Amino acid sequence: MDWILVPIGALIGYLLGSIPTGLWVTRLYGVDIRKVGSGRTGGTNAWRAAGLKAAIPTILGDAIKGAAAVILVRWLAANYFPGADATLLALAAGLTGGAAIWGHNWPIFAGFSGGAGGITAAATAMAIFPLAGGIVWITGALLIWWSRMASVGTFSVGAVSLATLLLFALNDIAPWPYVIFGAMAFFGIFMALRRNRQQLKDGKERVITIW
């Protein structure tokens, strides 16, 4: 019955990921984030909607929920499935993390209208495999600084998650099931940023103006 941990993990990941942090935080300031800027519920749009005071808790909440889902599933595995195979545990963690990103992007608690998944994916990558997560964070931060576009950094999170975990798996540094997380992160972010990709092609993408 150890296999039941996999769907349990996916469900936990999706439900925690579906917590619409940005929507709830900006409501405290009398703003519906879905009617501002990009209409997404992530930290960048929370900044546009209600300023830094809304962006910081949104970013923290979006980061914590993905990492917490992975940590919770690993706790369940250690306490209730102590004899589970390592590959199964890695699969459960990978699917949990990927489902958390999809929950953030298409949340059941907010009409399936969420964010792009960058912060959630980066924090979850750190929880799943810290070495890959560190590379993801550094790459994303550098690209946002260089391009001054949140979407560029966000897209890099998905691409680097997949590329890094695939490279590590090929070299027996990370378990192969973690690549599933990378693929889900890449696909979830790629789909969420469809409009931004077109704006980048047209030279109309929003630029961050704080530096």
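Before reading further, recall that the structure is shown in the block above.
All of the points below concern the structure found in this document. Since we're looking at a predicted model, the values are computed, not measured. (Residues numbered from 1 in each chain as written. Predicted model: local features only at pLDDT ≥ 70, side-chain atom pairs only at ≥ 80, totals over all residues. Heavy atoms only, no water.)

### Some words on the layout of surface pockets
Quick note on the threshold: Throughout, the protein atoms alone are placed on a 1 Å grid, and a set of points is a cavity if a 1.4 Å probe fits but cannot get out or a pocket if it is open with protein on both sides within 12 Å along at least five of seven lines; lining residues have an atom within 4 Å of a point. Grid points are joined across faces, edges and corners, and a volume is the space filled by probe spheres set on the points. Numbering of helices and strands starts at the N terminus; helices are DSSP runs of H or I of at least 4 residues and strands are runs of E of at least 2. All residues other than Ala, Val, Leu, Ile, Met, Phe, Trp, Tyr, Cys, Pro, Asp, Glu, Lys and Arg, Gly among them, are scored as polar; the first ten of these are nonpolar and the last four charged.
In this structure, the largest pocket encloses a volume near 910 Å³. Lining of the largest pocket is provided by 39 residues; of these, Thr 44, Ile 144, Ala 150, Thr 154 and Ile 208 occupy positions nearest its centre. Among the elements of the structure, α3 (43–50), α4 (52–80), α6 (118–128), α7 (130–147), α8 (150–170) and α10 (194–202) are those that each provide at least two residues to the lining of the largest pocket. With six residues, α7 is the single largest residue contributor to the lining of the largest pocket. Considered class by class, the residues forming the lining of the largest pocket number 18 nonpolar, 16 polar and five charged. Computed from the structure, the second largest pocket encloses a volume of approximately 160 Å³.

### Digging into the environment of Gly 94
Put simply, the test is: Throughout this description, buried means an accessible area under 20% of the type-specific maximum (1.4 Å probe, protein chains only), exposed means over 50%, and partly exposed covers the range between.
With respect to the helices, strands and loops of the structure, Gly 94 is situated in helix α5 (residues 86–105). The class for Gly 94 is buried, based on a relative accessible area of 0%. C-alpha of Gly 94 to C-alpha of Phe 129: the two residues are 35 residues apart in sequence and 9.8 Å apart in space.

### Structural notes on the packing of helix α1 (residues 5–17) against α4
Stated precisely, the cut-off is as follows: Axes here mean lines fitted to C-alpha atoms, for a helix over just the part in contact, with angles spanning 0 to 180 degrees between N-to-C directions. Put simply, angles under 35 degrees are roughly parallel, angles over 145 are roughly antiparallel, angles from 65 to 115 are roughly perpendicular, and the rest are oblique. Note: crossing handedness is left-handed where the near helix turns anticlockwise from the far helix by less than a right angle, and right-handed where it turns clockwise. By definition in these notes, contact holds between two residues if any of their heavy atoms fall within 4.5 Å.
Interaxial distance between α1 and α4 falls to 9 Å at its minimum, and their mutual angle equals 155°. Taken as axis vectors, α1 and α4 run roughly antiparallel relative to one another. As for the relative orientation of α1 and α4, their crossing is right-handed in sense. Between α1 and α4, the contacting residues are Leu 5, Ile 8, Gly 9, Ile 12, Gly 13, Leu 16 and Gly 17 on the first element and Lys 65, Ala 68, Ala 69, Leu 72, Val 73, Leu 76 and Ala 77 on the second. Partitioned by chemical class, the residues of the contact of α1 with α4 number 10 nonpolar, three polar and one charged.

### A short note on the pattern of salt bridges
The cut-off we apply is this: Any carboxyl oxygen of Asp or Glu that lies within 4 Å of a side-chain nitrogen of Lys or Arg is treated as forming a salt bridge with it.
Enumeration according to the criterion identifies two salt bridges in this entry. Two residues, Asp 62 and Lys 65, come together in a salt bridge whose shortest N-O distance is 3.3 Å. Here the residue Asp 62 and the residue Lys 65 both occupy positions in helix α4, the gap between them amounting to three residues, near one helical turn. Classification of Lys 65 by relative accessible area gives buried; the value is 6%.

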